[in-house]
Amino acid sequence: MSRFSKDFFWGGATAANQYEGGVHEGGAGLSTADVMTNGSHTVRRQVTWKKENGETGSTPLCFGSPERHLPEGAVPCELDDPKYYYPSHIASDFYHHYKEDIKLCAEEGFNCLRFSIKWSRLFPNGDDEVPNAEGIKFYADVFDECRKYGIEPLVTLSHYETPLALAAKYNGWDNRHLVNAFVKYARTCFESFAGKVKYYLTFNEINCLDAAPYVTAGLIHADPQNIANAAFHQFLASSLTVKEAHENFSDLKIGMMLAFGPTYAYTTDPEDQLLAQRMMNRTLFYSDVQMLGRYPNYKLKEYERDGITIPAQEGDMDIISKYTCDFLSFSCYGSHVVTYHDEDAQAGEGNGGTQMHMVRNPYLKTNAWGWATDPQCLRITLNTFFDRYHCDLFCVENGIGWNDKFEDGTVHDDYRIDYMRANIKSMRDAVEFDGIPLMGYLYWGCVDMVSNGEGEMAKRYGQIYVDADNYGQGTFKRTVKDSYHWYQKCIASNGEDLD
Ligand code: BG6
């Protein structure tokens, strides 16, 4: 007997700015991701800009950087200078390979594929009067191709990119102007893809706003008040999107999306326990608002202490309270450890090490980028969410980046198989022993794509290899890896066969 439901979603997840390419094709406008340069484990990605007086330059405004502002008067833009390479422009060239990729995923057994829509492909400036018909046609063709194989598309409306014009003109989500522009864009998607798409997510990893305000919300100036404004405007836009769907497109389900990893206390010192709880609340604040419909007291008190105000107008809080999301989706790659006893522990890196009091978990293995694999993290995550929200849950990202070696005409990625085995088992235990209502599991980066944090191809996640290097050079030929065959077997048994 199978432990996962018979309609369990199995598949993979992607994002336009890391996968799609075709940035200058089909009438698309640029997004904030399209002016982010490449980087690496040791070199930070930069945002390129120019000033009215012609001065140009770049600033590290992306993940991992403490920088929060472009220079005064600078606006983000693409620069025609060979010293800058923008990985999103070609990415994995899904724009020209979508038929082949979807077929390979279908043969792997996928019944679900997560994509994001590039808002600026539909509305080049973000708030244009009419949408770009060519952009709509591209996505409609992609979703038709999925349906041909019985694959359910899961569509993220905003995955780490904001139309560039809105960032330059309004400081992105800092400004309320983006709320209506986004709802109009969402409505256009609902109308244009009616019958093709049933599941949408509003904002990818909405809680990463604190760590990367430019990447998540297009802020080119991000003091704490700007970040609070952006969070509020995204909450409001998400609720208005749910309202639009529920009132006019009743077959749609709209989910929220959170980046989550359980936070453990390094010692039994109660101060460490409190610290771990506070760190988790920094993340859960976002799901508390989107699933429970209200700002939690711990956040209101924090805002009060810091002199931060919420830019709510009359009626806004009623909308947020009434139109919570239909399900909670999340990414989970591992866990974090915090302590005040830093001197006794090894400093952390990778996923979270740069934050205060984060240390390495001595019980876990880490990959070359410092990301730890935690075989219990999905079970713990699912229980944390279900205890708090009692709602449907969907793991829409989990995976492992690795500097894969292409040899004997393929990649022998046992490390990826081990990772998936441990994580799927953890999730299966949560369903079997804890009764968690889990909608599905989507492996992140099923086809190799540019990493978000580093902006390089070398950190590969895929079960399908793409022949391209860090600079978009290569044949872009697709080749299946060993993990492809393993996942295919796992899916065929509905998660029973993990050998
Ligand atoms: C998630 C993002 O945080 O992690 C993805 O939603 C990202 O966009 C993924 O690619 C893995 O991170 P990275 O930096 O290794 O690509």
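All of these numbers come straight from a predicted model, not from anything done at the bench.

Caption draft 1: Fine view of the pairing of strand β10 (residues 327-331). Most of β10 sits inside the fold, with five of its five residues counted as buried. Along β10, one buried face is formed by Phe327, Ser329 and Ser331 and the opposite face, lined by Leu328 and Phe330, is buried too. Alignment of strand β8 (residues 253-259) against β10, held across five bridges, turns out to be parallel. Paired with Ala259 across the strands is Ser331, a residue of β10. In the sheet, β10 pairs with strand β15 (residues 393-397) via four bridges, with the strands oriented parallel. Counted as the bridge partner of Ser329 is Phe394 from β15.

Caption draft 2: Representation of the pattern of salt bridges. A full pass over the atoms with the stated rule returns 30 salt bridges. Close ionic contact of Lys301 with Glu304 constitutes a salt bridge, the shortest N to O distance being 3.9 Å. Separated by three residues within a single helix, Lys301 and Glu304 lie in helix α10 (residues 297-306), roughly one turn from each other. The exposure class of Glu304 is exposed, given its relative accessible area of 56%. Taking the shortest distance from any N to any O, the salt bridge between Asp404 and Lys481 comes out at 2.5 Å.

Caption draft 3: Here's a closer look at the side chain of Thr410. As for its position among the elements, Thr410 is in the loop between β15 and α13 (414-434). At a separation of 2.9 Å, a polar atom in the side chain of Thr410 contacts the main-chain carbonyl oxygen of Val480. Residues contacting Thr410, with those up to four places away along its chain left out, are Lys405, Thr479, Val480, Lys481 and Asp482.

Caption draft 4: Seen up close, the pairing of β8. When you tally the buried positions in β8, you get six out of seven residues, the bulk of the element. The sheet contact formed by strand β7 (residues 199-203) and β8 spans three bridges and is parallel. Bridge pairing in β8 places Tyr199 opposite Lys253.

Caption draft 5: Molecular detail of the side chain of Arg121. Its location among the elements puts Arg121 in helix α3 (residues 119-122). Its relative accessible area of 0% is what places Arg121 among the buried residues. Side chain to side chain, Arg121 and Glu20 meet in a polar contact 2.8 Å long. At 3.1 Å, the side chain of Arg121 forms a polar contact with the backbone oxygen of Glu25. In contact with Arg121, other than residues within four places in its own chain, are Glu20, Gly21, Gly22, Val23, Glu25, Ala28, Tyr95, Asn132, Gly135, Phe138 and Tyr139.

Caption draft 6: Broad picture of the nonpolar core. Of all hydrophobic cores here, the largest spans 131 residues; its most connected members are Tyr441 and Tyr487. Residue contributions to this core peak at ten residues, all from helix α8 (residues 224-248). Apart from the residues within four sequence positions on either side, Tyr441 is in contact with Phe8, Phe9, Trp10, Gly11, Leu378, Phe394, Cys395, Asn398, Met420, Ile424, Met427 and Tyr487.

Caption draft 7: Just the sheet that holds strand β12 (residues 358-359), in detail. With mixed pairing, the three strands of this open sheet are ordered in space as β9-β11-β12. Strands with a single pairing partner mark the edges of an open sheet, and in this sheet they are β9 (263-265) and β12. Alignment of strand β11 (residues 336-338) against β12, held across two bridges, turns out to be antiparallel. What sits directly across from Val337, in β12, is Val359. The sheet strands contacting helix α9 (residues 270-292) are β9, β11 and β12, and the helix crosses β9 at an angle near 170°.

Caption draft 8: The arrangement of the site of the ligand in detail. Of all residues adjacent to the ligand, which total 15 residues, the nearest are Glu205, Asn452, Gly453, Lys459 and Tyr461. Residue His159 places a side-chain N or O atom 2.9 Å away from an oxygen atom belonging to the ligand. Between the ligand and the protein, one listed contact pairs an oxygen atom with a side-chain N or O atom of Tyr333 at 3.4 Å. Notes on the ligand: free accessible area 380 Å², of which the protein chains cover 92%.

Caption draft 9: Region of interest: the packing of helix α2 (residues 94-108) against helix α4 (residues 133-148). Relative to each other, α2 and α4 sit at 10°, their axes nearing to 9 Å. Looking at the two axes, α2 sits roughly parallel to α4. Two secondary-structure elements touch here, α2 through Phe94, Tyr95, Tyr98, Lys99 and Ile102 and α4 through Phe138, Asp141, Val142, Glu145 and Cys146. Of the residues in the contact of α2 with α4, the class split is seven nonpolar, no polar and three charged.

Caption draft 10: Helix α12 (residues 377-389), seen in detail. For α12, which comprises 13 residues, the first-to-last C-alpha distance of 18 Å matches the rise-based estimate of 18 Å (1.5 Å per residue) to within 8%. Looking only at α12, the buried set comprises Cys377, Leu378, Thr381, Leu382, Thr384, Phe385 and Tyr389. Buried residues of α12 fall within an arc of 160° about the axis and therefore sit on the same side. Looking at the residues trailing α12, positive phi occurs at His390, about 50°.

Caption draft 11: Main features of the packing of aromatic side chains. As enumerated under the stated definition, the model contains 44 aromatic pairs in all. Measuring from centroid to centroid gives 5.2 Å for Trp119 and Tyr185, while their planes differ by 5°, and the two rings are stacked. Separated by 66 residues along the polypeptide, Trp119 in helix α3 and Tyr185 in helix α6 (residues 177-192) bring together distant segments of the chain. Of the two residues, Trp119 and Tyr185, neither departs from the other in class, the shared state being buried.

Caption draft 12: Examining the sheet that holds strand β4 (residues 75-76) more closely. Taken in spatial order, the three strands line up as β3-β2-β4 in an open sheet, and their pairing is antiparallel. At either end of the open sheet lies a strand with only one pairing partner, and these are β3 (56-59) and β4. Alignment of strand β2 (residues 47-50) against β3, held across four bridges, turns out to be antiparallel. Pairing of Thr48 across the sheet is with Ser58, part of β3.

Caption draft 13: Fine view of the environment of Ile308. Looking at the secondary structure, you find Ile308 in the loop between α10 and α11 (316-322). Placed 29 residues apart in sequence, Ile308 and Val337 show a C-alpha to C-alpha distance of 29 Å. Once residues within four sequence positions are removed from consideration, Ile308 is found in contact with Pro224, Gln225, Ala228 and Tyr303.

Rules used in this analysis
Residues numbered from 1 in each chain as written. Predicted model: local features only at pLDDT ≥ 70, side-chain atom pairs only at ≥ 80, totals over all residues. Heavy atoms only, no water. Buried < 20%, exposed > 50% of the residue type's maximum accessible area, 1.4 Å probe, protein only. Helix = DSSP H or I, 4+ residues; strand = E, 2+ residues; numbered from the N terminus. Pairing = 2+ DSSP bridges. Salt bridge = Lys/Arg side-chain N within 4 Å of Asp/Glu carboxyl O. Polar contact = N/O pair within 3.5 Å; in protein donor to acceptor, adjacent residues only side chain to side chain. Contact = heavy atoms within 4.5 Å. Core = buried A, V, L, I, M, F, W, Y, C linked by side-chain atoms within 4.5 Å. Axes fitted to C-alpha atoms, helices over the stretch in contact; angles between N-to-C directions. Near = heavy atom within 4 Å. Areas by Shrake-Rupley, 256 points an atom, 1.4 Å probe, with all protein chains shown as cover. Parallel < 35°, antiparallel > 145°, perpendicular 65-115°, else oblique. Nonpolar A, V, L, I, M, F, W, Y, C, P; charged D, E, K, R; others polar. Expected span 1.5 Å × (residues − 1). Arc of directions from axis to C-beta. Phe/Tyr/Trp six-rings, centres within 6.5 Å; stacked < 30°, edge-to-face > 60°.

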